[in-house]
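Residue strings, one per chain:
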Amino acid sequence: MYKHISNNTQETFNIGSEFAKSLKESDIVIFEGDLGAGKTQFIKGICKAFDVNSEVTSPTFTLINIYDGYHNNSPIEIVHIDLYRVKNPRELANIGFDEYLFDTSSIKLIEWSQKAKELLENNYNYKVEILIDDQDENKRTIIVEKKM
């Protein structure tokens, strides 16, 4: 487990970019944290590290954004999933969530992962939890756990 303190959005971005060095094709990263905690900012840092040229935004309404990046000069697909608006398992099936989950040719970054707890319980490589500081609204504690 690694614990980082971020004092602003740029630091959260940088921590995400540094974390990206540990990722490889087929990895699944789940994210937990309150609305506005910085999950998407962290993911923007990951995408920057993979040379994603398109705009990285939270797919709150589309549920899934797919970005083309590069890893060791080879193309890699990054699948950014936001489950905030998902209400039940049937909706997960409708978007083909399990197909994305078990695709070994991409990196999956899943916000609001607790909405798919049963599917993700044993099927992820990293968990990133971002906590907003009670005393300073700009400060975050970022906890990164690698699943053993």
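Since the structure is predicted, the reported quantities are computational estimates derived from the model, not experimental observations.

The rules behind each value
- Every chain is numbered independently, its residues counted from 1 as its sequence is written.
- Only residues with pLDDT of at least 70 are given local features in this predicted model, and only at 80 or more are side-chain atom pairs given and counted; all residues enter the totals for whole chains, interfaces and linings.
- As a rule here, side-chain values cover all heavy atoms of the structure and leave hydrogens and water aside.
- Going along the chain from the N terminus, every DSSP run of H or I of four or more residues is numbered as a helix, and every run of E of two or more is numbered as a strand.
- With C-alpha atoms as the basis for the radius of gyration, the globule rule is written as 2.2 Å multiplied by the number of residues raised to the power 0.38.
- Contact criterion: two residues are considered in contact whenever any of their non-hydrogen atoms come within 4.5 Å of each other.
- Throughout, the Shrake-Rupley method with a 1.4 Å probe supplies accessible areas, and for residues the shown protein chains are the sole cover considered.
- Neither His nor the chain termini are counted; the positive set is Lys and Arg, and the negative set is Asp and Glu.
- Where a charge lies is defined by one atom per residue type: Lys uses NZ, Arg uses CZ, Asp uses CG and Glu uses CD.
- Categorising residues by exposure relies on relative accessible area from a 1.4 Å probe, with only protein chains included: less than 20% of the type maximum marks a residue as buried, more than 50% marks it as exposed, and the intermediate range marks it as partly exposed.
- Our arc is simply the arc of the directions from the helix axis toward the C-beta atoms.
- Two N or O atoms form a polar contact when they lie within 3.5 Å of each other; inside protein one atom must be a possible hydrogen donor and the other a possible acceptor, and for residues adjacent in sequence the pair counts only when both atoms belong to side chains.
- Geometry is summarised by axes, namely lines fitted to C-alpha atoms with helices restricted to the contacting stretch, and by angles between N-to-C directions that run from 0 to 180 degrees.
- Geometric relationships in this document are graded by angle, where less than 35 degrees denotes roughly parallel, more than 145 denotes roughly antiparallel, 65 to 115 denotes roughly perpendicular, and other angles denote oblique.
- Crossing handedness is read from the near helix: turned anticlockwise from the far helix by less than a right angle, it gives a left-handed crossing, and turned clockwise, a right-handed one.
- At least two bridges found by DSSP between two strands are what make those strands a pair.

(A) Molecular detail of the overall build of the protein chain. Helix and strand counts for the protein chain come out as 5 helices and 7 strands. In terms of C-alpha radius of gyration, the protein chain reaches 14 Å, essentially the compact-globule figure of 15 Å for 148 residues. Projecting the C-alpha coordinates of the protein chain onto the three principal axes gives extents of approximately 40 × 40 × 30 Å. Long-range contacts, defined as pairs at least 24 residues apart, comprise 61% of the intrachain contacts of the protein chain with a sequence gap of at least 6. Total accessible area on the protein chain is roughly 8,400 Å²; 45% of this is exposed by carbon and sulfur atoms. Across the protein chain, the centroid of the 17 positively charged side chains sits 2 Å from that of the 24 negatively charged ones.

(B) Representation of unusual backbone geometry. A positive phi angle, close to 50°, is found at Asn72, a residue other than glycine. Examined against the element boundaries, Asn72 turns out to sit in the loop between strand 3 (64–71) and strand 4 (74–82).

(C) Structural view of the environment of Val79. Mapping Val79 onto the fold places it in strand 4. You can call Val79 buried: its relative accessible area is 1%. Spatially, the C-alpha atom of Val79 lies 9.4 Å from that of Leu101, the residues being 22 residues apart in sequence. Apart from residues lying up to four places away in sequence, Val79 is in contact with Ile64, Asn65, Ile66, Tyr100, Ser106, Ile107, Lys108 and Leu109.

(D) Highlighting helix 1 (residues 9–19). All buried positions along helix 1 are accounted for by Thr12, Phe13, Ile15, Gly16 and Phe19. Here the buried residues of helix 1 occupy an arc of 160° about the axis, which is enough to place them on one side. The N-terminus of helix 1 is capped by Asn8, whose side-chain oxygen sits 3.1 Å from the backbone nitrogen of Gln10.

(E) Fine view of the packing of helix 1 against helix 2 (residues 39–49). One way to put it is that helix 1 packs onto helix 2 with a least axis distance of 7 Å and a crossing angle of 45°. Taken together, the axes of helix 1 and helix 2 are oblique relative to one another. For the element pair helix 1 and helix 2, the recorded crossing hand is right-handed. Contact residues: helix 1 offers Thr9, Thr12, Phe13, Ile15, Gly16, Ser17 and Phe19, while helix 2 offers Gln41, Phe42, Lys44, Gly45, Ile46, Lys48 and Ala49.

(F) Structural detail: the sheet that holds strand 7 (residues 140–146). Spatial strand order, 1-7-6-2-5-4-3: 7 strands in an open sheet with mixed pairing. Edge positions in the sheet fall to strand 1 (2–6) and strand 3, since each of these pairs with one other strand and no more. Neighbour to neighbour, the strand axes of the sheet diverge by 20° on average, direction disregarded. Pairing between strand 3 and strand 4: 8 bridges, direction antiparallel. What sits directly across from Asn65, in strand 4, is His80. Along the sheet, helix 1 contacts strand 1, strand 2 (28–33), strand 6 (126–132) and strand 7; its crossing angle with strand 1, the most-contacted strand, is approximately 150°.

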